[in-house]
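Listed below, chain by chain, are the residues.
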Amino acid sequence: MTFLDNIPWWVAIGAALTLGLAPFAPEPHIVEKLRMLSQGTLRRPVDIFDLCLHAAPFVVLAAKVARAALAR
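Residues numbered from 1 in each chain as written. Predicted model: local features only at pLDDT ≥ 70, side-chain atom pairs only at ≥ 80, totals over all residues. Heavy atoms only, no water.

Colleague: Explain the overall build of the protein to me, please; I cannot follow it from the model alone.
Modeller: Regarding its fold elements, the protein presents four helices and zero strands. Written out in order from the N terminus, the α and β elements of the protein read α-α-α-α. For the protein, the C-alpha radius of gyration of 14 Å lies well beyond 11 Å, the compact-globule estimate for 72 residues. Considered along the principal axes of its C-alpha atoms, the protein spans approximately 40 × 25 × 15 Å. With 72 residues in all, the protein has 24% of them scored as buried. A separation of at least 24 residues holds for 61% of the contacts in the protein among residues at least 6 apart in sequence. Across the protein, the 7 positively charged side chains and the 5 negatively charged ones have centroids separated by 6 Å. (Helix = DSSP H or I, 4+ residues; strand = E, 2+ residues; numbered from the N terminus. Rg over C-alpha atoms; globule rule 2.2 N^0.38 Å. Buried < 20%, exposed > 50% of the residue type's maximum accessible area, 1.4 Å probe, protein only. Contact = heavy atoms within 4.5 Å. Lys, Arg positive; Asp, Glu negative; His and termini not counted. Charge placed at Lys NZ, Arg CZ, Asp CG, Glu CD.)

The structure is reproduced here in structure tokens:
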């Protein structure tokens, strides 16, 4: 868990806002992939990889938030 502690907050938030939401127009890529997942059309391996890639910064940020909340 020291890995999460070593990541600065600004890096975790910045990664979630840039890599997590890129490309910004016409809609964030993660929104498109989550929509495909909910509709059952997320089948190609490249789309699954893309969802994992764009979701990873949000997962790291959520884990960092949870760790900070539990530390109190």
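Colleague: Got a minute to help me understand the pattern of salt bridges in this structure?
Modeller: Once the charged atoms of two side chains with opposite charge are near each other, the side chains can pair. Scanning all chains against the criterion turns up five salt bridges. Here Arg 35 and Glu 27 are joined by a salt bridge, their closest N and O atoms 3.1 Å apart. As a salt-bridge pair, Lys 33 and Asp 50 come within 3.9 Å of each other at their nearest N and O atoms. A residue pair is termed long-range when its members are at least 10 positions apart, and Lys 33 in helix 3 (residues 29–39) and Asp 50 in helix 4 (residues 45–71) qualify at 17 residues. A relative accessible area of 4% means that Lys 33 is categorised as buried. What makes Asp 50 buried here is its relative accessible area of 15%. Residues participating in the shared-partner salt-bridge network are Lys 33, Arg 44, Asp 47 and Asp 50. (Salt bridge = Lys/Arg side-chain N within 4 Å of Asp/Glu carboxyl O.)

Colleague: Please clarify how the environment of Val 65 should be interpreted in this entry.
Modeller: Residue position: Val 65 is located in helix 4. With a relative accessible area of 43%, Val 65 lands in the partly exposed category. A C-alpha to C-alpha distance of 9.3 Å links Val 65 and Trp 9, two positions 56 residues apart in sequence.

Colleague: What should I look at first to understand the packing of aromatic side chains in this one?
Modeller: Describing an aromatic ring pair means giving the distance of the ring centres and the angle of the ring planes. Following the criterion strictly, the structure yields zero aromatic pairs and no others. Sitting above the plane of the Trp 9 ring, Lys 64 keeps its charged end 4.8 Å from the centroid. (Phe/Tyr/Trp six-rings, centres within 6.5 Å; stacked < 30°, edge-to-face > 60°. Lys NZ or Arg CZ within 6 Å of the ring centre and 35° of its normal.)

Colleague: In this structure, what is going on with unusual backbone geometry? I would like to understand it.
Modeller: Following Ala 22, the chain continues to Pro 23 via a peptide bond in cis, the omega torsion being -15 degrees. Positionally, Pro 23 belongs in the loop between helix 2 (9–18) and helix 3. In this structure, Pro 26 follows Ala 25 across a cis peptide bond, with omega equal to 0 degrees. The residue Pro 26 is located in the loop between helix 2 and helix 3 in this model.

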